[in-house]
Amino acid sequence: MSTTCRHRVRLWFGPHRISEYIGENAAAARYEAKMRRRFPGLEVTNEPLPVSADAVDYSPADLHR
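Residues numbered from 1 in each chain as written. Predicted model: local features only at pLDDT ≥ 70, side-chain atom pairs only at ≥ 80, totals over all residues. Heavy atoms only, no water.

A. Structural detail: the nonpolar core. Counting residues in hydrophobic clusters, the biggest one holds 5 residues: Val9, Leu11, Ala28, Met35 and Val44. Of all the elements in the fold, those that place two or more residues in this core are strand 1 (6-13) and helix 1 (25-38). When neighbours within four sequence positions are excluded, Val9 is seen to be in contact with Ser19, Glu20, Tyr21, Ala28, Tyr31, Glu32, Val44, Thr45 and Asn46. (Core = buried A, V, L, I, M, F, W, Y, C linked by side-chain atoms within 4.5 Å. Buried < 20%, exposed > 50% of the residue type's maximum accessible area, 1.4 Å probe, protein only. Helix = DSSP H or I, 4+ residues; strand = E, 2+ residues; numbered from the N terminus. Contact = heavy atoms within 4.5 Å.)

Below is the structure:
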């Protein structure tokens, strides 16, 4: 069983998610930093994923952000 923590990084244009990346903590942090530099006016979120989360597991709150 892997102990690596996965994170989900998302790029938002207002309420619309326009990009998503899932990877281990260090890779997700690098991706987040790159997205913040490339798109300084957009919101970027970086959230840890539960161990049992599926890569495409969206909560209803994500759809109505």
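Next comes the rest of the description.
B. Structural detail: the pairing of strand 2 (residues 16-24). With 8 bridges connecting them, strand 1 and strand 2 associate as antiparallel partners. Across the sheet, Phe13 pairs through a bridge with His16, a residue of strand 2. (Pairing = 2+ DSSP bridges.)

C. Summary view of the sheet that holds strand 3 (residues 43-48). Here 3 strands make up an open sheet; going across it, the order is 2-1-3 and the pairing antiparallel. Among the strands making up the open sheet, the edge pair consists of strand 2 and strand 3. Within the sheet, the average angular offset between the axes of one strand and its neighbour, ignoring direction, is 20°. The strands that helix 1 touches are strand 1, strand 2 and strand 3; relative to strand 2, the one it contacts most, it runs at about 145°. (Axes fitted to C-alpha atoms, helices over the stretch in contact; angles between N-to-C directions.)

D. Expanded view of the pattern of salt bridges. Considering all chains together, one arrives at 4 salt bridges under this definition. Glu20 is the partner of Arg8 in a salt bridge, and the nearest nitrogen-oxygen pair spans 3.7 Å. Residue Arg8 is located in strand 1, and its partner Glu20 is located in strand 2; the two are separated by 12 residues in the primary sequence. Owing to a relative accessible area of 26%, Glu20 belongs among the partly exposed residues under this scheme. Notably, a salt bridge pairs Arg36 with Glu32, separated by 2.9 Å at the nearest N-O pair. Taken together, the positions of Arg36 and Glu32, both in helix 1 and 4 residues apart, correspond to about one turn of that helix. (Salt bridge = Lys/Arg side-chain N within 4 Å of Asp/Glu carboxyl O.)

Nothing here speaks to function; it is all geometry.
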